[in-house]
Amino acid sequence: MLELREITKRFGEVLANDHINVRVEPGTIHAIVGENGAGKSTAMRIAYGFYTADSGEIVVEGEPRNIQTPHDAIRLGIGMVHQHFMLVDTMTVAENIVLGAEPGSAASIDLRKAAKEIRALSDEFRLSVDPNALIHDLSVGQQQRVELLKALYRHARLLILDEPTAVLTPQEVEEFFAILRRMREQGKTVIIITHKLSEVLAISDDVTVMRDGRVVGRVKTSETNAAELARMMVGRDVLLRVEKPDAKPRGTVLSVKNLSVTTDGGDRGVREVSFEVRAGEIVGVAGVEGNGQTELIEALAGLVPPSHIGGTVEFDGREITRAGARQRYELGIAHVPEDRHRRGLLLDFDLAENSILGVHNRKPAVSVGPLLDLAGIRQRALEIIRDFDVRPANPDLPARALSGGNQQKLIIGREFEMRPKLLLVSQPTRGVDIGAIEFIHRKLVALRDGGCAILLVSAELEEVTSLADRLLVIYHGRIVGEVDPQRTSQEEIGLMMTGGRKEI
Amino acid sequence: MKLLRELMFPVAAVLAAFVVGGVIVWLVGDNPIQVYGLMLGSALTWPDGIGYTLFYATPIIFTGLAVAVAFRCGLLNIGAEGQLYTAAFATAWVSIKLGGVVVTGMSGVPVQPWANLPAVVLVPLAIAAAMVVGAAWAAVPGWLKARFGAHEVITTIMMNFIAVGIVSYLTQYHYRTQGDPIMESAPISEAAHIARLGSFIPGLPARLPVNVAFLLAIVACALVYVFLWQTKWGYEIRATGANPQAAEYGGINVRRQIVLAMAVSGGLAGMVGVNEVLGYHHRYYDSFSDNYGFAGIAVALLGRNHPAGVFFAALLFAMLQRGGIPVDAFSQHVSKDLVQVLQGIVILFVASEAFFRGSFGRFGLLKRSKI
Amino acid sequence: MNELFNLNLLFSAIRLATPLILAALGGMFSERSGVINIALEGLMLAGAFTAASMTYYAGSPWVGLFAAILAGAALALVHAVACIRYKADQVVSGTAINILLTGVPALLSGAFFLSSGSTPQIPKEHLIPYTPIVVAFTLVPLTWYVLNRTPFGLRLRAVGENPEAADAAGVSVRGMRYTAVLLSGALAGVGGAYLSIGQSSLFTRNMTSGRGFIALAALIFGKWRPVQTMFACLLFGFTEAVAIQLQGVRFGGEEIPNQFIQIIPYVLTIVVLAGFIGQSRAPRALGIPYQKER
């Protein structure tokens, strides 16, 4: 059905796709797996005409095709559901679906006809979507079905799905897979991009594995298993067990009671959460992404408006529920944010300037009055660069010039350097190379042993279980249990993370 | 090397603008080289050309700095025009009310001043009035943005018209001398006049209008540099402009920075009033601004939102402005309006930076500027 | 008091609203597609100058009007290329065009008519005082229909709200935006033409005197919707009409300061922007260049 031959794509310095070959048989569900940044999405976006390849060939149903724009791909019967939905919030389902392929004449869209066709399609695949609903009134799962309808409405014979399950609850995933199987029965071809091996095994017929922009293998799903796929994905038998002595926790540093956080949309991101973090221990928070972790950490860091917060937060015996970010920094709460580009860095500022974000308003960054001590700042930046192995070791470079791992080390260095009593750390190793991961893990343990209380959130179950001394499991904004990570199996935790079991 | 890279692009933009401007001159039937020669020659003669160039540069240094400071906070202050009008009126008002000037306005009833202060007090007060009122006028759109998310571009444009309306009302109905056919206030107290440079710089005739405000503009450039890059306040403003979410994470009150940056910006724009009222007209003169606020945008962009760049870009535009005068008189078809045209084209080119990346980059001319 | 608010005032309001409506509808196309257009002022000036000069030369207002449309569109093309092709800041580009157009007409009239900024008088029989009014008020429902009932309108709105989604659906974001900005230039050009060959009989220096900005204000006041925007234009036209009528009129010996009436549109717009009178939500992608590859 679709074949990518020797596709190469370069973004600036990064080689996103390096002569990749992918072949997808008609009438099958084909999984493309790989870690974040392996180049899966790029390859598929090339197939859909969102990007154009630097070199290589796209063959659709046996014919080499020139796909320059999504429009070309649509004409060839290719549809794509992107990880971030491509829907216009303020328009109706029908309007979104017909966009670009409007029925009727140039002078008038026949929305009635469209609605009829959409209903028919929706019934055929049992999607239950109302064509007249407004997109922003729909749940995420429903929006995803609108995306599917969009492709089906355009008579797509090949559907590319980019991380379709990332936003779904376990039940929704089951329903979704049922829809995919129904599509296969109708003769459609499906490509599913994912990094979740259990799903690959559950739904696909064939698997292509990618790593670092290259295709490293292709197997029949029936002839492989999770361990083999994992090895291909990561390139080695990783079980990043962190060597660490047992924690010697002391007094309580952070005490959270009945904390609730409302999101901007009015939903409750965090619901009545209570827990404590003691000095000298790492408390991990495990959960599927989007279950309230972001809101929890941002609320503890003082980044959520007080009006959105309920319950109390105590730090060192003081109530800080309503304190702002600055006040918390001054009390000794450091924060490594989950998204370093969005929150953690000023990408156009140099490393020296980035090294004082958060502490820029007081000594030692400030010398006299409001004046910054530029020489001192540069000196301390050099120390952070040295101690945390930031490369290249040049404080005058803009943060943008660094790789993700080095940017992360800079942030971690900056936050550690203020000698916090409490560290909030979120996704510390996302998009970071293996070497830096180990380095960061060691530093976290060292900080703990120095007596800091650490609250760690990570989407990598492996990471939280190996680093945490105690593990809280969060599901749907609630803490559904606390486990000893050494003595609980991943399966058990996984079950709790997906709401499988309420209490332990 | 870094400096060279920074300079490459603005210089290319200016050259490109001159080429396009030259084509226009040629199309309307004049010799571009002759016209440009006339302009440069007039702007660079000593002392008149240079004196006037510096005088013209003064207001646009201030507005350029104003736009640059706001821009560093991620705000586009299109409202320097309104800020400088209100500020200029305020400085005139102080120089009248506290300078012992009796105004016989439209009503025909003489209005007595509040005080008759000596120069040492009056001049600083008048300058402070310009800055405070300019700052306040700019803080309003800043507040509207911080509080309600109202886009500062639209609100500052609206505030420009409101400023013009209010100030012209005050001038026409309350501070214009009865019977004066021109829309201008009564003359300000002589104690509020600031010295022309010619009165103490040997060789520079005192008839040239360049005055102490020009020196203040240089000081302002230095202060803005220190403020932005060497104080925690400037750091917070720039961090807010670079990435508001990261700034928030760093404990910076983003909303406050928006209001602060606008206020600083407005205060700088307000300094134009010092040059115009205390240094030149010695009264508030309605619609005196020759699009200074908008020229400030050109100057800031061309100067890469850096005080040194602003200074030189302002000098360039001032030269054009000075050079436009003989163009009117001596060329056949081209008028001094060419200056506005050149300004517009420069802004277009500077804004379309990618244009130079694309076309010149291909020849490797600007490749290095990519970092 | 009563004789002030008569039928005359209403007609005068309609006349004064006409250029605003034309320019505001133009701005609407541009902004609904996601391109800020503060260049309306400059675009109107281009239209006004071109219409006056071409009518003078050709002796026909229709030639003038057509030329004004072309001039507006050509100038808008500059804005479009800067904003879409070169991803210039849209506000800055618009400002540049406004500054440019304070100079260009004066420069050209100096060269062609040896005057400093105005064109020669056009004889009365070559003016079109009514057609643009009809055009403007016809365009309002037409624009509504195009925006809400045609594929073009659907795509335009999608491009302005979520260009990525439109792109993924096979809609050319660039194509839509170019079309929209060119349309805005053409309409603003007609608006300008009405000023020089409809309301008056020649082009004078800076004859728009801020009408492009009032049109922009009306567009925001009308929440980027055609019918509401028309009413906003009528309101602003009415205030201008009142300001003109009140000139020199005294109430109990006190002259009514014109300035206060003139600033009403601007104050109202700020009030609306601040959310005091309902919410005015801009198209979500307004002002953001569409960047495909990051």
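The numbers attached to residues start from 1 for each chain and follow its sequence in the written order. Both sets of labels track the order of writing: A upward for chains, 1 upward for ligands. Owing to the predicted nature of the model, reporting of local features is limited to residues with pLDDT of at least 70; listing and counting of side-chain atom pairs is limited to 80 or more, with chain, interface and lining totals taken over all residues.

Caption draft 1: Main features of the overall build of chain A. Only DSSP runs of H or I reaching four residues or more are called helices, and only runs of E reaching two or more are called strands; each is numbered from the N terminus. Per the secondary structure count, chain A includes 17 helices and 22 strands. When its C-alpha atoms are laid out on the principal axes, chain A stretches across 70 × 50 × 45 Å. Residues are called buried when their C-beta atom has 20 or more other C-beta atoms within 10 Å, exposed when it has 12 or fewer, and partly exposed otherwise; all C-beta atoms are positioned from the backbone. Looking at the 504 residues of chain A, the share that counts as buried comes to 47%. What counts as a contact is two residues whose backbone-derived C-beta atoms lie within 7 Å of each other. Of all intrachain contacts in chain A linking residues separated by at least 6 positions in sequence, the fraction that spans at least 24 positions is 66%.

Caption draft 2: Seen up close, the overall build of chain B. Scanning chain B from terminus to terminus reveals 15 helices and 2 strands. Split into buried and exposed, the 371 residues of chain B put 60% on the buried side.

Caption draft 3: Main features of the sheet that holds strand β17 (residues 318-319) of chain A. Residue and element names in this part refer to chain A. Read across the open sheet, the 4 strands follow the order β14-β13-β16-β17; overall the sheet is antiparallel. A strand with exactly one partner marks an edge of an open sheet, and here the two such strands are β14 (268-278) and β17. Should DSSP find at least two bridges between two strands, the strands are regarded as paired. Sheet topology note: the strand β16 (residues 309-315)/β17 ladder contains 2 bridges and is antiparallel. Note on β17: the bridge partner recorded for Phe-315 is Arg-318. Taken strand by strand, helix α9 (residues 293-300) contacts β13 (252-262), β14 and β16, and its axis lies near 60° from that of β14. Between N-to-C directions, angles cover 0 to 180 degrees, with each direction set by a line fitted to C-alpha atoms, over the stretch in contact for helices.

Caption draft 4: Representation of the interface of chain B and chain A within the structure. At the interface, 15 residues of chain B touch 25 residues of chain A. Of all the elements in the fold, those that place two or more residues in the side of chain B that touches chain A are α8 (232-242) and α9 (244-249) of chain B. The biggest single contributor to the side of chain B that touches chain A is α8(B), with 5 residues. For this classification, Asp, Glu, Lys and Arg are treated as charged, while Ala, Val, Leu, Ile, Met, Phe, Trp, Tyr, Cys and Pro are nonpolar and the rest, including Gly, are polar. Of the residues in the side of chain B that touches chain A, the class split is 7 nonpolar, 6 polar and 2 charged.

Caption draft 5: Fine view of the nonpolar core. In this structure, A:Ala47, B:Leu65, B:Ala130, B:Ile347 and C:Ala218 are the most contacted members of the largest nonpolar core, which totals 312 residues. Sequence-distant contacts of C:Ala218, that is, excluding residues within four places in its chain, are made with C:Leu20, C:Ala24, C:Thr229, C:Ala232, C:Cys233 and C:Phe236. To define a nonpolar core, we join buried Ala, Val, Leu, Ile, Met, Phe, Trp, Tyr and Cys residues through C-beta atoms within 7 Å and take the resulting set. Core analysis: the second largest hydrophobic core is formed by 88 residues, A:Ala325, A:Leu345, A:Leu456 and B:Tyr235 among them.

Caption draft 6: Quick peek at the environment of B:Val341. Relative to the helices and strands, B:Val341 resides in helix α14 (residues 338-351). C-beta crowding within 10 Å serves as the criterion here: with 25 such atoms nearby, B:Val341 is assigned to the buried category. When the C-alpha positions of B:Val341 and B:Val20 are compared, they lie 9.7 Å apart, and in sequence the two are 321 residues distant. Residue contacts for B:Val341: discarding those within four places in its chain leaves B:Gly21, B:Ile24, C:Leu100, C:Gly103, C:Val104 and C:Leu107.

Caption draft 7: Main features of the environment of B:Val350. All names here are of chain B. Relative to the helices and strands, Val-350 resides in helix α14. For Val-350, a count of 29 C-beta atoms within 10 Å translates into the label buried. Residues in contact with Val-350, not counting those within four places in the same chain, are Pro-10, Ala-13, Leu-301 and Leu-302.

Caption draft 8: The pairing of strand β18 (residues 333-336) of chain A, seen in detail. All names here are of chain A. Neither face of β18 is exposed, since Ile-333 and His-335 on one face and Ala-334 and Val-336 on the opposite face are all buried. Direction of pairing for β18 relative to strand β19 (residues 422-426): parallel, over a ladder of 4 bridges. Across the sheet, residue Val-336 finds its bridge partner in β19, namely Val-425.

Caption draft 9: Broad picture of unusual backbone geometry. A cis amide bond, omega -5°, links A:Arg391 with the succeeding residue A:Pro392. Its location among the elements puts A:Pro392 in the loop between α13 (374-387) and α14 (404-417). In this chain, B:Trp46 is followed by B:Pro47 through a cis amide linkage whose omega measures 0°. With respect to the helices and strands, B:Pro47 occurs in the loop between α2 (32-44) and α3 (48-72). Look at A:Asp212: it is not a glycine, yet its phi comes out positive at around 50°. Tracing the sequence through the fold places A:Asp212 in the loop between β11 (206-211) and β12 (214-220). We note that A:Arg419 has phi near 45°; this positive angle belongs to a residue other than glycine. Position of A:Arg419 among the secondary structure elements: in the loop between α14 and β19. Of the residues examined, A:Arg419 has 12 C-beta atoms within 10 Å and is grouped as exposed.

Caption draft 10: Examining the interface of chain C and chain B more closely. Facing 39 residues of chain C, the contacting portion of chain B comprises 40 residues. Sorting the residues of the side of chain C that touches chain B by element identifies α4 (90-113), α9 (211-221), α11 (258-262) and α12 (264-273) of chain C as the ones contributing at least two each. Examining the composition of the side of chain C that touches chain B, we find that 16 residues originate from one element, α4(C), more than from any other. Split into classes, the residues belonging to the side of chain C that touches chain B amount to 26 nonpolar, 11 polar and 2 charged.

Caption draft 11: Here's a closer look at helix α5 (residues 131-149) of chain C. All names here are of chain C. With 19 residues, α5 extends 26 Å from end C-alpha to end C-alpha; this agrees with the ideal 27 Å at 1.5 Å per step. What the bend at a residue measures is the angle between two axes, fitted to the seven residues ending there and to the seven starting there. Along α5, the largest kink reaches about 30° and is centred on Val-140; proline Pro-141 follows within four residues of it. Within α5 the residues assigned to the buried category are Pro-132, Ile-133, Ala-136 and Thr-143. If you follow the buried residues of α5, they end up packed against α1 (7-32), α8 (173-199) and α10 (226-246). The length a helix should cover is 1.5 Å for every residue beyond the first.

Caption draft 12: How the structure looks around α10(C). All names here are of chain C. With 21 residues, α10 extends 30 Å from end C-alpha to end C-alpha; this agrees with the ideal 30 Å at 1.5 Å per step. All of the buried residues in α10 are Pro-226, Thr-229, Met-230, Ala-232, Cys-233, Leu-234, Phe-236, Gly-237, Glu-240, Ala-241 and Val-242. Residues of α10 that are buried make contact with α1, α5, α9, α11 and α12.

Caption draft 13: Region of interest: the confidence of the model for chain B. All names here are of chain B. The predicted model of chain B has a mean per-residue pLDDT of 89, with 95% of residues at 70 or higher. What pLDDT expresses is the predictor's confidence in each residue, scored from 0 to 100. Low confidence marks residues 359-371, where pLDDT is under 50. Its contacts with residues over four positions away, or in another chain, come to 15 contacts. Reported for the predicted complex are a pTM of 0.87 and an ipTM of 0.87.

Caption draft 14: Up close: the pairing of strand β3 (residues 29-33) of chain A. Residues and elements named next belong to chain A. Counting buried positions along β3 gives 5 out of 5 residues, so the element sits mostly inside the fold. Alternating positions in β3 separate into two faces, Ile-29, Ala-31 and Val-33 on one and His-30 and Ile-32 on the other, with burial throughout. Strand direction decides the pairing type here: β3 and strand β10 (residues 189-194), joined by 5 bridges, are parallel. When the sheet's bridge partners are listed, His-30 is paired in β10 with Ile-191.

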